Every structure is written in C-alpha cells, then in structure tokens.
Amino acid sequence: MSPEFKEQFEDIEGGVVVRAPAKINLSLLIAGKREDGFHEIETVMAKVNWYDELLIERIESGIELFCEGPYWAPEGPENLVWRACRRVFDEAGVEYGVRFTLRKNIPAGTGLGSASSDCAAAVMGLDRLFDLGLSRGQQMRIGGELGSDVPFFMGGPVAYCTGRGEKIDEKRCNFFFKTILLLPDVTVSTKKVYENYHHDEDEYRRLHGEISQYIAENRIDLLGSICENMLAASCFDLYPRLSDLKSRSGSLGPGRVCLSGSGSAMYCMVTDVEEHEIEDFQSMLRERMGCESLLLYSNRW
Ligand SMILES: C[C@@](CO)(OP(=O)(O)O)[C@H](O)COP(=O)(O)OP(=O)(O)OC[C@H]1O[C@@H](n2ccc(N)nc2=O)[C@H](O)[C@@H]1O
Ligand SMILES: Nc1ncnc2c1ncn2[C@@H]1O[C@H](COP(=O)(O)OP(=O)(O)O)[C@@H](O)[C@H]1O
C-alpha cells in the first residue's frame, strides 16, 4: 500500500484546516540541568505522516474550542491551542472571534509532541486566516514561550534542536524513512521523566562526540537505528511495563526499538524491511504483547 500524505494547510470558506503532525526523536542527549530548572538538550527530531487536525473558523466574537476524535485533550483555556490564540492576538494587537475544532488523532503524553504540534498549528493557522503578518521569528518566539518543542513544528521536517529544544537548526537532508510506531497504553508525564533523570557527564560526552560526527557528515539517516535517548533510563525506571515491552519487542523485531522523547511511544526503523516481516512484527506486538502499532513514513514538510 502506498503511504498517505496530506498537505499542511487547506483553506475553506471562512476558515482553514491545519494538520499537526507527530514527531519522533531520532536521538536525544541531555547536556545537563540549567538554573531555570529546564535541561539543556541536543535532539534530532523528525515529523511523521500522522496528524491531529485543527479547523479554525471565524465567528462573531470570543474564543471557542471543541475537541473530538479518538483521544482526549483539554477543552478549556489550558489547551495549548487556546493559549496560542491569546498570545497571537496580544502580539498582533487584534481581537477576532474564532472557533477551534481539534480532531485529536494522536494521544498526548506519548513523546510524539502532539500538544506542541497543535500549538504550532494554531499560531500558523491564525496568522494565515486573519492575515496577521507575524514574522517567522515572532511565531517561533511565541511558540517557544508556550512549549520547548513548539518551534520545531513550525519548520522541519527534520531538525537538530538545542537549548530547551527551542533552538532549531533545520537539516536539509532528503532522507526517507519508514517506521513502525509502537503505541503502548501508557501515559507518561514529561515533567516527571525529567525530574527523575540522573545525569552522567561521561556518557553525555561520549554520545555527543558520536552523534555530532554523524550530524556533521549529514548521516541523520543512521541516528534512528542507533537509538540514543538519554531520557530512556528515567522513563523505564518510572514505567517498568515500558521497559519490559522494549526488551521483548527489541529481541523479536526486525531492528532496534527506540523510545521517542520522554515516552511512552517507541519506534523501530523498517525502511529496508520486507512487507511480510513488518506485518509479522505488528501481529506479534498485538497478539503477544497487547501493543497497537502503526506503519508510518517520514513527513514531507
Ligand atoms: C522530551 C521532549 C523531547 O522532544 O519531548 P516529549 O517527550 O515531551 O514529546 C521535550 O524535551 C519536551 O518538550 P515539551 O513537551 O515541549 O516540554 P515543555 O512543555 O516545555 O516542558 C514540560 C516540562 O518538562 C521539563 N523540561 C522540558 C524541556 C527541557 N528541555 N527540559 C526540561 O526539564 C520541565 O520540567 C518542564 O516543566
Ligand atoms: N492540544 C493539546 N492536546 C493534548 N494535550 C494538551 C493539549 N494542550 C495541552 N495539553 C496538555 O499537555 C499534556 C501533554 O503534554 P506532553 O506530556 O508534552 O505530551 P506529548 O509528549 O505527547 O507531547 C496533556 O496531559 C494535557 O494536559
């Protein structure tokens, strides 16, 4: 079956639909803890072709938000979409009536960045719908204030992200990948995983040397199979079921199984793997480990 790709924006009468893709972390290093409590990170992120969908429509007045679809998201002002809207209107010095309908196809608390991606979609979509003329720099700044991962979703599809994660160096590598995304039925708190993280400076230096070399040589394509994620030990310590799933699936699958971000989702690169092997792996995950999975591809934008 050929992969399904969708465009980012779809203009409709009185509104716009914006697609908010999931990401995976191809590598994730922690350089240390900062004085503001955040961690200094070095991560390569890549978008995949699985999307939340945000419909933004003009209304008379006020902000409305409705959530639908298979997964939950908060329906009030705490939703990053709503918060993005407030920040955008304040920045542009405008006040319009707007209704958001968020179709939540991607579960939150899984290391796939969907809340951050929805936030980026809201900033970009509002700018487009109301022709606000916010510069890319302004949009990135607003995004970075709302969440460390948000600026990444305003560019991409692959970037090396540093600082809190908000400093973006887009990688113009035209590599294509195919991956099986494992979706354990576990919701992870990113904050707790960072709080439970124990820094190992020697480990960081070793991995930094290795990963920097691959990045300098533009061999980003290799990172997803090397699978270095310095948050994994903390996540597996807090959620032993995930640790168990990773070792069982890794020993039976067609490649290494890597944790995305702070978890719980994991992926296994299968770009050159035969279709029947992929199907066998997915059946085994479901039948023996009770874990749903999806076959996804690198996103084009
Ligand atoms: C781990 C990563 C890897 O891409 O992604 P997810 O697993 O959440 O998808 C990110 O660093 C998550 O980014 P994001 O989810 O935007 O985090 P934020 O909302 O900014 O912060 C949530 C909490 O995580 C901690 N945090 C986040 C980023 C960072 N560089 N250092 C931190 O210590 C802070 O305790 C913060 O209160
Ligand atoms: N649009 C949104 N979609 C999902 N969760 C949201 C949204 N806006 C705010 N949230 C809050 O963010 C939390 C998920 O964030 P996070 O742990 O970073 O998830 P992920 O790693 O999957 O991006 C949810 O528990 C929810 O309270």
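Fair warning: this is a prediction, and the values are worked out from it, not measured in the lab. (Residues numbered from 1 in each chain as written. Chains lettered and ligands numbered in written order. Predicted model: local features only at pLDDT ≥ 70, side-chain atom pairs only at ≥ 80, totals over all residues. Heavy atoms only, no water.)

1. Points about the site of ligand 1
Inference 1: Around ligand 1 lies a shell of 20 residues, among which H39, S148, R164, Y194 and S262 are the nearest.
Inference 2: In the model, an oxygen atom of ligand 1 is placed 3.0 Å from a nitrogen or oxygen of the K23 side chain.
Inference 3: For ligand 1, an oxygen atom lies 2.6 Å from a polar atom in the side chain of S262.
Inference 4: A total of 690 Å² of accessible area belongs to ligand 1 in isolation, and the protein chains cover 84% of it.
Inference 5: Secondary structure elements with two or more residues in the shell around ligand 1: β2 (15-33), β3 (39-59) and α4 (190-195).
Inference 6: Both domains that furnish three or more residues to the shell around ligand 1 are identified here as domain 1 (9-170) and domain 2 (178-297). (Near = heavy atom within 4 Å. Polar contact = N/O pair within 3.5 Å; in protein donor to acceptor, adjacent residues only side chain to side chain. Areas by Shrake-Rupley, 256 points an atom, 1.4 Å probe, with all protein chains shown as cover. Helix = DSSP H or I, 4+ residues; strand = E, 2+ residues; numbered from the N terminus. Domains from an automatic or database assignment.)

2. Concerning the pattern of salt bridges
Pairing between side chains becomes possible if they bear opposite charge and their charged atoms approach one another.
Inference 1: In total, this model carries 26 salt bridges according to the counting rule given.
Inference 2: Note that E195 and K191 form a salt bridge whose closest N and O atoms lie 2.9 Å from each other. With E195 and K191 both in helix α4 and 4 residues apart, this pair spans about one turn of that helix.
Inference 3: Residue E210 pairs with R206 through a salt bridge whose shortest N-O separation is 3.7 Å. With E210 and R206 both in helix α5 (residues 201-216) and 4 residues apart, this pair spans about one turn of that helix.
Inference 4: Classification of R206 as partly exposed rests on a relative accessible area of 46%.
Inference 5: Salt bridges here are not isolated pairs; linked through shared partners, they connect K6, E10, R19 and E53. (Salt bridge = Lys/Arg side-chain N within 4 Å of Asp/Glu carboxyl O. Buried < 20%, exposed > 50% of the residue type's maximum accessible area, 1.4 Å probe, protein only.)

3. Overview of the domain arrangement of the protein
Inference 1: Under the domain assignment used here, the protein contains domain 1 (9-170) and domain 2 (178-297).
Inference 2: The gap between the C-alpha centroids of domain 1 and domain 2 is 24 Å.
Inference 3: If you look at the interface, domain 1 gives 26 residues, while domain 2 gives 35 residues.
Inference 4: Both sides together, the interface formed by domain 1 and domain 2 hides about 2,300 Å², and carbon and sulfur atoms give 66% of it.
Inference 5: Per-residue buried area on domain 1 facing domain 2 is highest for L26, L29 and I30; these three make up 24% of the total on that side. (Contact = heavy atoms within 4.5 Å. Buried area = accessible area lost by both parts, 1.4 Å probe.)

4. Points about the UniProt feature "active site" (unreviewed entry) in the protein
Inference 1: The sites that UniProt annotates as "active site" (unreviewed entry) are K23 and D149. The greatest C-alpha distance among the annotated residues, which extend across 127 residues, is 9.8 Å, indicating that they converge on a single site.
Inference 2: Locating K23 in the fold gives a position in strand β2.
Inference 3: Non-local contacts of K23, meaning those with residues more than four positions away in its chain, are made with M45, A46, K47, G111, L112, G113, D149, F152, F153, S260 and G261. (UniProt positions renumbered as here; feature names shortened; annotations may be inferred.)

5. Let's talk about the state of the cysteines
Inference 1: Following the criterion strictly, the structure yields 1 disulfide and no others.
Inference 2: There is a disulfide in this structure between C227 and C258, and the S-S distance comes to 1.8 Å. Given an S-S torsion of about -105°, the disulfide between C227 and C258 has left-handed geometry. Placement of the pair is C227 in the loop between α6 (223-226) and α7 (232-238) and C258 in strand β9 (residues 258-259), with a sequence separation of 31 residues.
Inference 3: The exposure class assigned to C227 is buried, which follows from its relative accessible area of 13%.
Inference 4: C67 takes part in no disulfide bond, and the closest cysteine sulfur, belonging to C119, lies 14 Å away.
Inference 5: We note that C119 lacks a disulfide partner, and the nearest cysteine sulfur, in C85, lies 11 Å from it.
Inference 6: The exposure class of C119 is buried, given its relative accessible area of 0%. (Disulfide = S-S within 2.5 Å.)

6. What about the site of ligand 2?
Inference 1: The environment of ligand 2 is made up of 18 residues, and the closest members are N79, L80, K104, G109 and D118.
Inference 2: A distance of 3.3 Å separates an oxygen atom of ligand 2 from a polar backbone atom of G113.
Inference 3: Out of a free accessible area of 570 Å², ligand 2 has 76% covered by protein chains.
Inference 4: Looking at which element gives the most residues to the shell around ligand 2, the answer is helix α2 (residues 114-129), with 3 residues.

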